[in-house]
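# Chains, contacts and geometry: an overview
Spelled out from the first residue to the last, the chains are:
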Amino acid sequence: MRRWGIISATLLLAACIPSPGRRPPPAPAPPPQAPAAPSDQATRQCHADLRRDRVEFKILPDRRYPGGCSILGAVQLLDIGTPVTNLGALTCPLALSFAEWTRAAVQPAARAWLGGEVVRIESFGSYSCRPVNGQAGNKLSEHGRANAVDIAAFVLADGRRITVLDGWNGRDERVRKFLRAVHDAGCRRFQITLGPESNGYHRDHFHFDMGPGPYCR
């Protein structure tokens, strides 16, 4: 009986020792956490900067959603001098950079290369709780923090509609130069700027965000 007890104890001990090359399964990754809300001082300064630039906006309440998505320190732009379609919540720093980009880059480039004013900018939206490129398994997109905006087209006063999809590599050299000018200006004003040369997901729009950067493509 003693012999069988020793054998049983040995087997139990062996079961507790992992065999060579065998590792326990990794612990599940913690769910993504929404970032902390910006400080009151930074938010007040951003609001003051928007008012200084004569931008009309509405302050939005902070909200947190499942999966790490959030709308924190955000505003809705009401008037930046040029109408923009499909524009929802934007973090205040993104809103400020976007308004400045529209006034200081888009309109001058339109006058220089297209001989007219942009009367409407068409966007694919801003806040969207989804992973990068909408692909499952990717990290949370800056869209999930209201910290990104996608721009697809520009409509001129004479009725011309310039799209990123058709114009980036289109036949009209002036259109190509206009689109590259506003893309390059985005690289100077946003942390991340992506266009048709970044990947196939951006063949039809410019992506601007204020996440970790800088990166321009």
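Predicted model only: the values in this text are computed from it and were never measured.

Attention now moves to the nonpolar core. Counting 38 residues, the largest nonpolar core has Leu77, Phe98, Trp101, Phe154, Phe178 and Leu179 as its most contacted members. Counting residues per element, the ones that place at least two in this core are helix 2 (40–52), strand 4 (74–79), helix 3 (92–114), strand 7 (118–125), strand 8 (148–156), helix 5 (173–189) and strand 11 (206–209). At twelve residues, the largest contribution of residues to this core is made by helix 3. Excluding its chain neighbours within four sequence positions, the residues that come into contact with Leu179 are Phe154, Ile162, Thr163, Val164, Gly167, Trp168 and Phe206. If you look at the next biggest cluster of nonpolar residues, it comprises five residues, including Leu60, Ile71, Ala74 and Ala146.

Looking at the element boundaries, Leu114 is found in helix 3. Distance in space between the C-alpha atoms of Leu114 and Arg174 is 6.4 Å, their sequence separation being 60 residues. When near neighbours in sequence (up to four residues on either side) are disregarded, Leu114 contacts Ala109, Leu156, Arg160, Ile162, Arg174, Val175 and Phe178.

The next thing to look at is the sheet that holds strand 4. Read across the open sheet, the three strands follow the order 1-4-6; overall the sheet is antiparallel. One side of each edge strand has no neighbouring strand; the edge strands of this open sheet are strand 1 (56–59) and strand 6 (90–91). Of the strands in this sheet, strand 1 and strand 4 touch helix 2, which is tilted by about 155° from strand 1.

Each value, and the rule that gives it
By convention here, each chain's residues receive numbers from 1 onward along its written sequence. In keeping with the predicted nature of the model, local features appear solely for residues at pLDDT of at least 70, side-chain atom pairs appear and are counted solely at 80 or more, and the whole-chain, interface and lining totals rest on all residues. Processing note: side-chain calculations cover all non-hydrogen atoms of the structure and skip hydrogens and water entirely. As used here, the term nonpolar core means buried Ala, Val, Leu, Ile, Met, Phe, Trp, Tyr and Cys residues forming a set that is joined through side-chain atoms within 4.5 Å. Between buried and exposed lies partly exposed: a residue is buried under 20% and exposed over 50% of the maximum accessible area for its type, with that area taken using a 1.4 Å probe on protein chains only. Only DSSP runs of H or I reaching four residues or more are called helices, and only runs of E reaching two or more are called strands; each is numbered from the N terminus. Residue contacts are counted whenever heavy atoms from the two residues lie within 4.5 Å of one another. If DSSP finds at least two bridges between two strands, the strands pair. The axes are straight lines fitted to the C-alpha atoms, using for helices just the contacting stretch, and the angles between their N-to-C directions are given from 0 to 180°.

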